[in-house]
Amino acid sequence: NNSNDDGGYDLEICLNKENAEEYICAICRCICRDPTDIGCNNEHMFCKQCLNRYLPHDIVRKSCPSCKQPGLSKGNLRPKGFASRCINALKV
């Protein structure tokens, strides 16, 4: 298995590590698995699993883990299909 227990893929599975760094999840510090846009104005993306842990069911609003923009909620989460395809192309 090439994924980290925290959610993302290990950087070591990529041949082009420089390009892979664009897809690092700020929560688990691995390449995003099921990359998800959180709805902040900076278009940060994270692993879906990491965000589900970051946004517990009982909390409606929080800030972006990267830029601290307030107002993040589970209703803002959107899959990043293009990023997912790019990540799949990076893997060995």
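Owing to the predicted nature of the structure, the values given are computational and were not obtained by experimental measurement.

Enquirer: Kindly report on the nonpolar core, identifying the contributing residues and their values.
Expert: Ranked by size, the top nonpolar core spans 26 residues in total, and within it Tyr-23, Cys-25, Ile-31 and Ile-38 carry the most contacts. Those elements giving two or more residues to this core turn out to be strand 2 (45-47), helix 2 (48-54) and helix 3 (81-90). For Tyr-23, the residues in contact, after removing those within four places along its chain, are Cys-30, Ile-31, Cys-32, Met-45, Ala-83, Cys-86, Ile-87 and Leu-90.

Enquirer: So what about the pattern of salt bridges? Which residues, and what values?
Expert: Close approach of charged atoms allows side chains with opposite charge to pair. On inspection of all chains with the given rule, the structure shows two salt bridges. Here the residues in one salt-bridge network are Asp-37, Arg-78 and Lys-80, joined through shared partners.

Enquirer: Give a description of helix 3 that names residues and reports values.
Expert: An α-helix turns once per 3.6 residues; consequently, residues spaced three or four apart project the same way. Within the sequence span of helix 3, burial applies to Ala-83, Cys-86, Ile-87 and Leu-90. All buried residues of helix 3 project into a common sector of 100 degrees when viewed along the axis, lining one side. Set apart from the buried face of helix 3 by more than 90 degrees, the exposed residues are Arg-85 and Ala-89. Tucked inside the fold, the buried residues of helix 3 contact helix 1 (17-20), strand 1 (35-37) and strand 2.

Enquirer: I'd like a rundown of the environment of Tyr-9, residues and numbers included.
Expert: Within the secondary structure layout, Tyr-9 lies in the segment before helix 1. Separated by 38 residues in sequence, Tyr-9 and Cys-47 have C-alpha atoms that sit 9.5 Å apart.

Enquirer: Tell me about the environment of Lys-17, and name the residues and values.
Expert: Within the element layout of this structure, Lys-17 appears in helix 1. On the basis of relative accessibility, which here comes to 31%, the residue Lys-17 falls in the partly exposed class. Spatially, the C-alpha atom of Lys-17 lies 8.4 Å from that of Leu-90, the residues being 73 residues apart in sequence.

About the cut-offs
Residues numbered from 1 in each chain as written. Predicted model: local features only at pLDDT ≥ 70, side-chain atom pairs only at ≥ 80, totals over all residues. Heavy atoms only, no water. Core = buried A, V, L, I, M, F, W, Y, C linked by side-chain atoms within 4.5 Å. Buried < 20%, exposed > 50% of the residue type's maximum accessible area, 1.4 Å probe, protein only. Helix = DSSP H or I, 4+ residues; strand = E, 2+ residues; numbered from the N terminus. Contact = heavy atoms within 4.5 Å. Salt bridge = Lys/Arg side-chain N within 4 Å of Asp/Glu carboxyl O. Arc of directions from axis to C-beta.

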